[in-house]
Amino acid sequence: MSHELLASLAPDLVERLRHIKLLALDVDGVLTDGRLYFHADGSELKAFNTLDGHGLKLAKRAGIQVALITGRSSPMVTQRARALGIEHVQQGVERKLPALESLCDSLGLALDQVAYCGDDLPDLPCIHRSAVGITVPGAPCYLRQHADWVTQVAGGHGAVREITDTLLMAQGRLDDIIDSYLSNGPLT
C-alpha cells in the first residue's frame, strides 16, 4: 500500500478518515466478488480474500470496530466473522440504514464516525449517510456517483484491504504496524 493512494484522496476525505471508529461492510460484492455458488444439494459457497481478513484484524487491533451488515443470511458469513473476531454481524437485513443506526447507538457512536462500504442499492442509504461512503469499481454507476470513494481494487479481490490500509494510514498507524512486523512480528 503506497502513500500515493492517500495523497490521491481529497483532503477533506482524508480528514474524515482520521475520525473513523467503525468500519461497516456489506458482504456479497465487497468481501466476496459478488458471485454466488450453489452445490447440487442447495448449499452455498463463498470465497473470501485473506488480504481483506488480515486487514480487518489490523483495523480491529488499532481500535477500529468492524461490522458486517448483509442482506443475505449465510453460515459462511458467520464462520468468517467468527474466524476474524468480528462481533457485530447482522444478516438478512433488508433495510441497512436502520440497522447501522441501531448499531451506532449501541456502540455510542455517531454516523460521522462511520465508514461504510457497499456495492448495491440496499447499501445506498448507508453510503450516503456515513462520514465516508465507499463502494467498489463493480458497483452500478449511480452508486459510484453517490460514494465519497471508489476503491481501486474490486470487491473480493482486496478492496477491503485497500480500505483498512488507507484508514490506518490516515490515522497514522500503518507505519507502526509495518515496523512491528519488521522487528518482532505482529502487534499483540
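What counts, and where the lines are drawn
- Residues numbered from 1 in each chain as written.
- Predicted model: local features only at pLDDT ≥ 70, side-chain atom pairs only at ≥ 80, totals over all residues.
- Heavy atoms only, no water.
- UniProt positions renumbered as here; feature names shortened; annotations may be inferred.
- Helix = DSSP H or I, 4+ residues; strand = E, 2+ residues; numbered from the N terminus.
- Buried < 20%, exposed > 50% of the residue type's maximum accessible area, 1.4 Å probe, protein only.
- Contact = heavy atoms within 4.5 Å.
- Polar contact = N/O pair within 3.5 Å; in protein donor to acceptor, adjacent residues only side chain to side chain.

Under the annotation held in an unreviewed UniProt entry, the protein carries the name 3-deoxy-D-manno-octulosonate 8-phosphate phosphatase KdsC and is attributed to Halomonas sp. RT37. In its Subunit (unreviewed entry) section, the UniProt entry covering the protein states "Homotetramer." Taken from UniProt, the Sequence similarities (unreviewed entry) comment for the protein reads in full: "Belongs to the KdsC family."

1. With respect to the UniProt feature "binding site: Mg(2+)" (unreviewed entry) in the protein
Within the UniProt annotation, "binding site: Mg(2+)" (unreviewed entry) is assigned to Asp 26 and Asp 119. In three dimensions, the annotated residues from a span of 94 residues occupy one location, with a maximal C-alpha spread of 7.5 Å. Structurally, Asp 26 can be placed in the loop between β1 (22-25) and β2 (37-38). The class for Asp 26 is buried, based on a relative accessible area of 5%. When residues no more than four places from it in sequence are discounted, the contact partners of Asp 26 are Leu 31, Ile 69, Thr 70, Lys 96, Tyr 116, Cys 117, Gly 118, Asp 119 and Asp 123. Side-chain polar atoms of Asp 26 contact the side chain of Lys 96, separated by 3.0 Å. Checked against the element boundaries, Asp 119 lands in the loop between β6 (114-117) and α6 (124-129).

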